[in-house]
Amino acid sequence: MNAFFSFVLEIIRTESFWKSITFVLVILLTSTPLSIFLLRAMKERSEQIRSHIKEALKLRDEARNLLEEYKEKDKGKDIERQDILEKARKNAENLKQEAESQLKKRQEMKEQEILDRVKMIKKNGLKELKDAVLLFSMKTTTSFMIKDEKFRSNTVFFNTSLKELEEVLNDKKEVEKIY
């Protein structure tokens, strides 16, 4: 054992032994704080990664929820769009019917106006015809009276003829026969 002690003493006295010991001590002394520092850094990094993952999952869920909401809104808009189109069709149909009704009323009014004008023209024409016939009969009678003395004496005949002529002209049925 002496040899062993002497060998150990010999190793202890060498410079490389002390360098090795220093190296091991430096490693041991620095490795503990370094390992603590590295472990803390790794732990912090893993916490950051976990928080980023949680945030990403949360954002993904929010995005899915928003997508579902927008899909529902889009479905609602399709239904709303169909309702609007249906209302527009009904309004167009109502406007068409109203326009047709107004057109029909206008046509009836125009027809009535035309009939009234025709009646007025007939009435004015009858009046003109009456006036012309009376004027003609008066002129004829006057010329007969001037020329023929016998005719003058028969004034009763003249008065009767004028009354009959007026009755014929005032009777619409008789006048329509003339037309």
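Numbers given to residues run from 1 along each chain, matching the order in which its sequence is written. At least 70 in pLDDT is required for a residue's local features to be given in this predicted model, at least 80 for side-chain atom pairs to be given and counted, and no such filter applies to totals for whole chains, interfaces and linings, which use all residues. As a rule here, side-chain values come from all non-hydrogen atoms in the structure, and water together with hydrogens is ignored.

Focus: the overall build of the protein chain
Then step 1. Within the protein chain, the secondary structure is distributed over 5 helices and 0 strands.
Then step 2. Listing each helix as α and each strand as β along the protein chain from the N terminus yields α-α-α-α-α.
Then step 3. Residue exposure (1.4 Å probe, protein chains only): buried if accessible area is under 20% of the type maximum, exposed if over 50%, otherwise partly exposed. Taken across its 179 residues, the protein chain has 5% of its residues classed as buried.
Then step 4. Note on areas: Shrake-Rupley with a 1.4 Å probe; residue coverage comes only from the protein chains shown. For the protein chain, the exposed area adds up to about 16700 Å²; of that, 61% sits on carbon and sulfur atoms. Secondary structure elements follow DSSP: runs of H or I no shorter than four residues count as helices, runs of E no shorter than two count as strands, and numbering proceeds from the N terminus.

With respect to the packing of aromatic side chains
Then step 1. Classification of ring pairs rests on two measures: the distance between centres of Phe, Tyr or Trp rings, Trp counted by its six-membered ring, which must be within 6.5 Å, and the angle between planes, read as stacked under 30 degrees, edge-to-face over 60 and tilted in between. One pass over the structure, following the stated rule, counts 1 aromatic pair.
Then step 2. For the pair F17 and W18, a centre-to-centre distance of 5.3 Å together with 75° between the ring planes defines the contact as edge-to-face.
Then step 3. Looking at F17, the relative accessible area reads 25%, which means it is partly exposed.
Then step 4. By relative accessible area, W18 is classed as partly exposed at 44%.

Some thoughts on a nonpolar patch on the surface
Then step 1. Surface patches are drawn from residues lacking salt bridges whose relative accessible area is over 30%; two like charges belong together within 9 Å, two nonpolar side chains (Val, Leu, Ile, Met, Phe, Trp, Tyr) within 5 Å. The term salt bridge refers to a side-chain nitrogen of Lys or Arg lying within 4 Å of a carboxyl oxygen of Asp or Glu. Nonpolar side chains collect at one region of the surface, where L9, I12, W18, I21, F23, V24, L25, I27, L28 and L29 lie side by side and expose about 940 Å² of accessible area between them.
Then step 2. Among the secondary structure elements, those contributing two or more residues to the nonpolar patch are α1 (2-13) and α2 (15-147).
Then step 3. Per-element tally for the nonpolar patch: the top contributor is α2, with 8 residues.
Then step 4. A residue is classified by how much of its surface remains accessible, and I27, at 39% relative accessible area, is partly exposed.

Section: α1
Then step 1. Between its first and last C-alpha, α1 extends 16 Å over 12 residues, near the 16 Å set by a 1.5 Å rise per residue.
Then step 2. Among the 12 residues of α1, 0 are classified as buried, and the element is accordingly described as predominantly exposed. To estimate how far a helix should extend, the number of its residues minus one is multiplied by 1.5 Å.

Looking at the pattern of salt bridges
Then step 1. Counted by the stated rule, this structure contains 3 salt bridges.
Then step 2. A salt bridge links E47 to R50, with the shortest nitrogen-to-oxygen separation between them at 3.0 Å. Separated by 3 residues within a single helix, E47 and R50 lie in helix α2, roughly one turn from each other.
Then step 3. With relative accessibility at 41%, the residue E47 sits in the partly exposed group.

Observations concerning the confidence of the model for the protein chain
Then step 1. Looking at the protein chain as a whole, the pLDDT averages 78, with 76% of positions reaching at least 70.
Then step 2. The pLDDT score gives, residue by residue, the confidence of the prediction method on a 0 to 100 scale. The weakest mean pLDDT in the protein chain belongs to helix α5 (residues 172-178) at 54; the strongest belongs to α2 at 83.

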